[in-house]
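Understanding the architecture of this molecule
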Amino acid sequence: MNRYHIPLLFLLILGGCENHVIFEPDNLPNAHIGKVYSVPVSITGGAGPIVDLSYNIIPAESGVKLKFEGKKYYTEYIYNNFIIEGTPKFSGVIEIQLEGGIVGSAGETFKKNYKIKVTD
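Just so it is clear, the structure is predicted and the values come from calculations on it, not from any experiment.

Some words on the pattern of salt bridges
With the rule as written, the count across this model stands at one salt bridge. In this structure, lysine 112 and aspartate 26 form a salt bridge, with 2.8 Å as the shortest nitrogen-oxygen distance. Taken together, the residues span a long stretch of sequence, with lysine 112 in strand S8 (residues 109–119) and aspartate 26 in the loop between strand S1 (21–24) and strand S2 (31–32) at a distance of 86 residues. Look at lysine 112 and you get buried, because its relative accessible area is 13%. The partly exposed category is assigned to aspartate 26, whose relative accessible area is 45%.

What follows is the structure, given as structure tokens:
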């Protein structure tokens with residue numbers, strides 16, 4: 001092997017360890033005031049399950065929340081699948097900011113901002 005093959009091989013190995021996270025759906029559908037809203041979300045990719053997730057819903061009193069199913073792992077929940085649900089109370093935009101980490105990701109994190117347009 002010549003001296004250029006070793007660094008190239010090293011870079012290819014590191015590139016394969018990237019924790020690319022995919023959110024389904026990528027964008028959320030619109031909602032209507034007073035009508036039930038329910039959208040399942042799935043997070044895939046990365047080196048393992050998502051066990052560290054924080055979120056913020058703006059405005060907090062929007063009528064929409066995140067629902068998680070409890071599964072025992074390293075933490076109480078595995079956050080790869082959840083439902084955004086509720087009954088929107090106001091017209092405008094509801095923003096859901098997500099941030100978290102993946103088991104086995106060497107400290108890498110991900111961020112995702114969802115927006116729901118709410119109309120009358």
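Let's talk about the sheet that holds strand S7 (residues 92–102)
Reading across the sheet, the four strands line up as S2-S8-S7-S4 and stay open at both edges, with mixed pairing between neighbours. With partners counted over all chains shown, the strands left at the sheet margins are S2 and strand S4 (50–58), one partner each. The sheet contact formed by S7 and S8 spans 10 bridges and is antiparallel. The residue of S8 that forms the bridge with glutamine 97 is asparagine 113.

Quick look at the packing of aromatic side chains
This structure, assessed with the given rule, holds five aromatic pairs. Seen from their ring centres, tyrosine 55 and phenylalanine 68 are 6.0 Å apart, and the 45° between their planes marks the pair as tilted. Of the two residues, tyrosine 55 is situated in strand S4 and phenylalanine 68 in strand S5 (residues 64–70); the sequence distance between them amounts to 13 residues. Looking at tyrosine 55, the relative accessible area reads 39%, which means it is partly exposed. Arranged with centres 5.0 Å apart and planes meeting at 90°, the rings of phenylalanine 68 and tyrosine 79 form a pair that is edge-to-face. In this pair, phenylalanine 68 is assigned in strand S5 and tyrosine 79 in strand S6 (residues 77–86), connecting sequence segments 11 residues apart. Like phenylalanine 68, the residue tyrosine 79 is buried in the burial classification.

Some points on the environment of glycine 100
When you line up the elements, glycine 100 lands in strand S7. For glycine 100, a relative accessible area of 4% puts it in the buried group. Taking the C-alpha atoms as reference points, glycine 100 and lysine 111, 11 residues apart in sequence, are found 6.8 Å from one another.

Focus on the environment of proline 29
Relative to the elements of secondary structure, proline 29 occurs in the loop between S1 and S2. Residue classification places proline 29 among the partly exposed residues on the basis of a relative accessible area of 40%. Apart from residues no more than four positions distant in its own chain, proline 29 is found in contact with Tyr37, Val39 and Ile116.

Quick notes on the side chain of glutamate 85
The topology assignment puts glutamate 85 in strand S6. Here glutamate 85 occupies a buried position and makes no salt bridge, while the nearest side chain of opposite charge, lysine 65, is found at 4.1 Å.

Some points on unusual backbone geometry
Cis rather than trans, the peptide bond between glutamate 24 and proline 25 has omega equal to 0°. Here proline 25 is to be found in the loop between S1 and S2. A cis amide bond links isoleucine 58 with the next residue in sequence, proline 59, at an omega value of 0°. Assignment of secondary structure puts proline 59 in the loop between S4 and S5.

Thresholds, definitions, all that
- Residues numbered from 1 in each chain as written.
- Predicted model: local features only at pLDDT ≥ 70, side-chain atom pairs only at ≥ 80, totals over all residues.
- Heavy atoms only, no water.
- Salt bridge = Lys/Arg side-chain N within 4 Å of Asp/Glu carboxyl O.
- Helix = DSSP H or I, 4+ residues; strand = E, 2+ residues; numbered from the N terminus.
- Buried < 20%, exposed > 50% of the residue type's maximum accessible area, 1.4 Å probe, protein only.
- Pairing = 2+ DSSP bridges.
- Phe/Tyr/Trp six-rings, centres within 6.5 Å; stacked < 30°, edge-to-face > 60°.
- Contact = heavy atoms within 4.5 Å.
- Lys, Arg positive; Asp, Glu negative; His and termini not counted.

In short, geometric facts, not functional conclusions.
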